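Observations on the three-dimensional arrangement
Okay, here's what each chain looks like letter by letter:
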Amino acid sequence: HKLSVAPEMDIMEYCRKEWRGNTPVAKRMRKGYEAVAQKFASIRRVRGDNYCALRATLFQALSQATQLPSWLQSEDFTMLSENLLSKYNWINQWQLKEKLGRKMGEIREEIKDYLILLRKKWKSISEIKGPIEKQEACDKLFTNEEEEYSLYEALKFLMLNTAIELYNDDKNGRRVPVFSWLLFARDTSSNPCQLMHNHLNHIGHSGGLEQVEMFLLAYALQYTIQVYRLYKYSTDEFITLYPNDPEEDWPVVTLITEDDRHYNIPVRMCQETVL
């Protein structure tokens, strides 16, 4: 089984291997990695397909999960696909894991299975007390391709659900976060149906997450996603938060990117920063 999140490696050792030259870019990357190394000792490489933002975020969330998030506990959670499909017929064109031409009932059942799997895995991993055992359980989950990709479908569906809620809130005059306007200001996603067709259906197949979709993912999970954007080193965008005005009670996961396309994960917080 191929582990889709590689074993730990010392951050500076990784940096020296990847960025040897003396170009301005290499120098900036090394500086960026040095700054990350003030906080984290190791890095884990994330498999670089178009799911990597979802993979890195979910892996980090599960690695540090100590309880089931409240939205995962709600009774309506597993009914989400039925509820949405009964209101929005266009969701039948949801593209599941490269399989096309499904019948209506199949999509509903399949997404429901993915949501149930997400809840089950999150619950079982969050109940593991020992950090080593918890990490082993995460590693095991991320070598099981069938389950892993099913979880990404669940996350994408949660992103669609969140987008629909935000879109309706805005239409009904309720306050929505700024990114929501940006999300629906794009020519390719002026409403949730277009967002699904032109963006969410492609994630994992022909494209990854764009910046504005990182906000959507954060809102869907109710997690703050903190990203070290190494190519922005020495600018005020070097550490970017999605959302940039996070709720205080949202847990935080940290990722690293060199280009806003591929994400890796820093692990092992250095002692000083923990205290």
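Just so you know, these numbers come straight off a predicted model, no measurement behind them. (Residues numbered from 1 in each chain as written. Predicted model: local features only at pLDDT ≥ 70, side-chain atom pairs only at ≥ 80, totals over all residues. Heavy atoms only, no water.)

1. A short note on the packing of aromatic side chains
Keep this limit in mind: Two rings from Phe, Tyr or Trp (for Trp, the six-membered ring) form a pair when their centres sit within 6.5 Å of each other. Planes less than 30 degrees apart are called stacked, planes more than 60 degrees apart edge-to-face, and all others tilted. Here a helix means four or more residues in a row that DSSP labels H or I, a strand means two or more in a row labelled E, and each is numbered from the N terminus. Burial classification: accessible surface area is computed with a 1.4 Å probe over protein chains only, and a residue below 20% of its type maximum counts as buried, one above 50% as exposed, and the rest as partly exposed.
In this structure the tally under the stated criterion is 18 aromatic pairs. Ring geometry for Trp71 versus Trp122: centroids 5.9 Å apart, planes at 80 degrees, classification edge-to-face. With Trp71 in helix α4 (residues 70-73) and Trp122 in helix α6 (residues 104-126), this residue pair connects regions lying 51 residues apart in the sequence. Neither Trp71 nor Trp122 differs from the other in exposure class; each is buried.

2. Some details on the UniProt feature "active site" (unreviewed entry) in the protein
Note the following rule: UniProt positions are given in the numbering used here, feature names are shortened, and annotations may be inferred rather than shown by experiment. Residue contacts follow a heavy-atom distance rule, with two residues in contact if any of their heavy atoms lie within 4.5 Å.
Here the UniProt-annotated "active site" (unreviewed entry) positions come out as Asp49, Cys52 and His262. On the basis of their most widely separated C-alpha atoms, the annotated residues across 214 residues gather in one place, lying no more than 8.4 Å apart. Taking relative accessible area as the criterion, Cys52 reaches 3% and is therefore assigned buried. Setting aside anything within four residues of it in sequence, one finds Cys52 in contact with Val46, Arg47, Arg261, His262 and Tyr263.

3. A closer look at the pairing of strand β3 (residues 224-229)
Here is the rule: A pair of strands counts as paired when DSSP detects no fewer than two bridges linking them.
Of all six residues in β3, five are buried, a share of seventy percent or more. Two strands pair when backbone bridges link them, and β3 and strand β5 (residues 252-257) are joined in this way by six bridges, in the parallel orientation. For Tyr228, the partnering residue across the bridge sits in β5 and is Ile256. Two elements, β3 and strand β4 (residues 239-242), share four bridges in a ladder whose sense is antiparallel. Across the sheet, the residue bridging to Gln226 is Leu241, located in β4.

4. Overview of the packing of helix α8 (residues 145-171) against helix α11 (residues 211-221)
Short version of the rule: In this description, a line fitted to the C-alpha atoms serves as the axis of each element, helices being fitted only across the stretch in contact, and the angle between N-to-C directions of two axes falls anywhere from 0 to 180 degrees. These descriptions rest on fixed angle ranges, namely under 35 degrees for roughly parallel, over 145 for roughly antiparallel, 65 to 115 for roughly perpendicular, and the rest for oblique. Any residue outside Ala, Val, Leu, Ile, Met, Phe, Trp, Tyr, Cys, Pro, Asp, Glu, Lys and Arg is labelled polar, Gly included; the first ten of those are nonpolar and the last four are charged.
At a closest axis distance of 9 Å, the pairing of α8 and α11 adopts a crossing angle of 95 degrees. Taken together, the axes of α8 and α11 lie roughly perpendicular to each other. Contacts from Leu155, Leu158, Met159, Thr162, Ala163 and Leu166 in α8 reach Glu213, Leu216, Leu217, Tyr219, Ala220 and Leu221 in α11. Residue composition of the contact of α8 with α11, by class: 10 nonpolar, one polar and one charged.

5. Focus: the UniProt feature "site: Linear diubiquitin binding" (unreviewed entry) in the protein
Sites flagged by UniProt as "site: Linear diubiquitin binding" (unreviewed entry) map to Glu237. Mapping Glu237 onto the fold places it in the loop between β3 and β4. Owing to a relative accessible area of 36%, Glu237 belongs among the partly exposed residues under this scheme. Non-local contacts of Glu237, meaning those with residues more than four positions away in its chain, are made with Arg229 and Lys232.

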